[in-house]
Amino acid sequence: PMVAAAVRARPESIPADVDDSKRLQAATRESIAATLRDSDRVDIGIATVPTDRIDDPETDMNSLTVAAHAEAAAAVATDGDRVVADAGDVDAARFGRRVGDGVAEQGPSVAVNAEHGADATYPLAAAASVIAKVARDARIAALGSEYPEHGPVGSGYPSDPETRAFLRRYVGDTGDLPECARASWSTADDVLAA
């Protein structure tokens with residue numbers, strides 16, 4: 001799945017070692033996420049986009065990314081909040097406008113500042129990045145128990161050799177992709193063709 005998160009807190013409530021989730025070790029991410037979840041001074045919103053929605057030919061990844069960001073932010077935002085978002089579109093300003101419109105459709109009116117690499121610059125965006133990554137990693141880890149005879153599933157990313165091997169084993173045994181896979185991936189096409 002695609003996972004997006006929003007963190008609403010005063011900056012001093014964010015752990016000092018927070019950073020872009022991609023630059024942190026798994027144990028550090030998990031520790032930071034636990035600290036954030038356990039704090040009564042931090043509100044967290046999470047949005048998950050399942051693979052069937054990702055594979056829907058009526059949508060696209062940019063729109064799904066906007067929708068996920070908007071859903072996560074709307075879960076914790078209040079009118080007048082300033083949202084900092086890691087831009088998921090080549091046009092950061094357009095991404096920010098679309099996320100702001102999506103949040104407003106769900107209730108609160110917010111100002112959105114979207115920047116590329118915001119999770120490496122802004123502690124709140126970094127905290128949201130960590131929450132989203134830990135939630136996604138937990139979901140992928142849970143998949144291993146759903147497919148014990150074909151696992152391990154790896155990271156779930158198409159560039160991961162372990163994930164590719166899982167897909168090859170599953171397709172080799174069943175002739176089709178597992179429900180957890182994004183059928184719209186070129187990786188899925190490659191495995192099915194092989």
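None of these values were measured; they are calculated from a predicted model.

Caption draft 1: Just the overall build of the protein, in detail. From N to C terminus, the protein includes eight helices and four strands. What you see for the protein is a C-alpha radius of gyration of 18 Å, in line with the 16 Å of a compact globule of 194 residues. Seen through its principal axes, the protein has C-alpha atoms that stretch 55 × 35 × 25 Å. Counting only residues that meet the buried cut, the protein has 44% of its 194 residues in that class.

Caption draft 2: Spatial organisation of the pattern of salt bridges. Counted by the stated rule, this structure contains nine salt bridges. The residue Asp-20 makes a salt bridge to Lys-22 at a minimum N-O spacing of 3.1 Å. The partner of Asp-89 in a salt bridge is Arg-94, and the shortest N-O contact between them spans 2.7 Å. Classification of Asp-89 as buried rests on a relative accessible area of 6%. The network of salt bridges with shared partners includes Asp-20, Lys-22 and Asp-119.

Caption draft 3: Region of the structure containing the packing of helix α7 (residues 161-174) against helix α8 (residues 186-193). As a packed pair, α7 and α8 sit with axes 9 Å apart at the nearest point and diverge in direction by 45 degrees. Overall, the two elements α7 and α8 adopt an arrangement that is oblique. Like other packed secondary-structure pairs, α7 and α8 cross with a definite hand, here right-handed. Judged by residue contacts, Arg-164, Leu-167, Arg-168 and Val-171 of α7 engage Thr-187, Asp-190, Val-191 and Leu-192 from α8.

Caption draft 4: Fine view of the environment of Ser-13. Along the chain, the position of Ser-13 falls in the loop between β1 (2-9) and α1 (26-38). Expressed as a C-alpha distance, the spacing of Ser-13 and Ile-131, which sit 118 residues apart in the sequence, is 15 Å. The residues touching Ser-13, leaving out its near neighbours within four places in the chain, are Leu-36, Arg-41 and Val-42.

Caption draft 5: Seen up close, a negative patch on the surface. The grouping of Asp-52, Asp-56, Glu-58 and Glu-179 at the surface amounts to a negative patch. Its relative accessible area of 59% is what places Asp-52 among the exposed residues.

Caption draft 6: Quick peek at the environment of Asp-91. You can see Asp-91 is positioned in the loop between β3 (82-86) and α4 (92-105). Counting along the chain gives 74 residues from Asp-91 to Ala-165, while the straight-line C-alpha distance between them is 35 Å. Within the structure, the side chain of Asp-91 is placed 3.2 Å from the backbone nitrogen of Ala-93, a separation counted as a polar contact.

Caption draft 7: Main features of the pairing of β3. The two faces of β3 differ: Val-83 and Ala-85 on one face are buried, but Arg-82, Val-84 and Asp-86 on the other face are not. Between the parallel elements β3 and strand β4 (residues 111-115), the chain passes through α4 in a crossover that is right-handed.

Caption draft 8: Molecular detail of the packing of aromatic side chains. Counted according to the given criterion, the structure contains three aromatic pairs. Look at Tyr-147 and Phe-166: their rings are 5.6 Å apart centre to centre, the planes differ by 65 degrees, and that puts the pair in the edge-to-face class. Here Tyr-147 is found in the loop between α6 (123-146) and α7, whereas its partner Phe-166 is found in helix α7, with 19 residues between them in sequence. By relative accessible area, which is 10% here, Tyr-147 ends up buried. By the ring-pair criterion, three or more aromatic residues cluster together here, those being Tyr-147, Phe-166 and Tyr-170. Of note, Arg-136 hangs over the ring of Tyr-157, and the distance from its end group to the ring centre comes to 3.9 Å.

Caption draft 9: Structural context of helix α3 (residues 61-74). Relative to the 20 Å expected for 14 residues at 1.5 Å per residue, α3 spans 20 Å between its end C-alpha atoms, a close match to the ideal helical length. Within the span of α3, buried status applies to Leu-64, Thr-65, Val-66, Ala-68, Ala-70, Ala-72, Ala-73 and Ala-74. Close packing links the buried residues of α3 with β1, β2 (42-49), α2 (51-54) and α4. Sitting at the head of α3, Asp-60 places a side-chain oxygen 3.1 Å from the backbone nitrogen of Asn-62.

Reading guide: rules and limits
Residues numbered from 1 in each chain as written. Predicted model: local features only at pLDDT ≥ 70, side-chain atom pairs only at ≥ 80, totals over all residues. Heavy atoms only, no water. Helix = DSSP H or I, 4+ residues; strand = E, 2+ residues; numbered from the N terminus. Rg over C-alpha atoms; globule rule 2.2 N^0.38 Å. Buried < 20%, exposed > 50% of the residue type's maximum accessible area, 1.4 Å probe, protein only. Salt bridge = Lys/Arg side-chain N within 4 Å of Asp/Glu carboxyl O. Axes fitted to C-alpha atoms, helices over the stretch in contact; angles between N-to-C directions. Parallel < 35°, antiparallel > 145°, perpendicular 65-115°, else oblique. Left-handed = near helix turned anticlockwise from the far one by under 90°. Contact = heavy atoms within 4.5 Å. Patch = residues over 30% accessible without salt bridge, like charges linked within 9 Å, V, L, I, M, F, W, Y side chains within 5 Å. Areas by Shrake-Rupley, 256 points an atom, 1.4 Å probe, with all protein chains shown as cover. Lys, Arg positive; Asp, Glu negative; His and termini not counted. Charge placed at Lys NZ, Arg CZ, Asp CG, Glu CD. Polar contact = N/O pair within 3.5 Å; in protein donor to acceptor, adjacent residues only side chain to side chain. Right-handed = clockwise from strand over helix to strand, strands pointing away. Phe/Tyr/Trp six-rings, centres within 6.5 Å; stacked < 30°, edge-to-face > 60°. Lys NZ or Arg CZ within 6 Å of the ring centre and 35° of its normal. Expected span 1.5 Å × (residues − 1).

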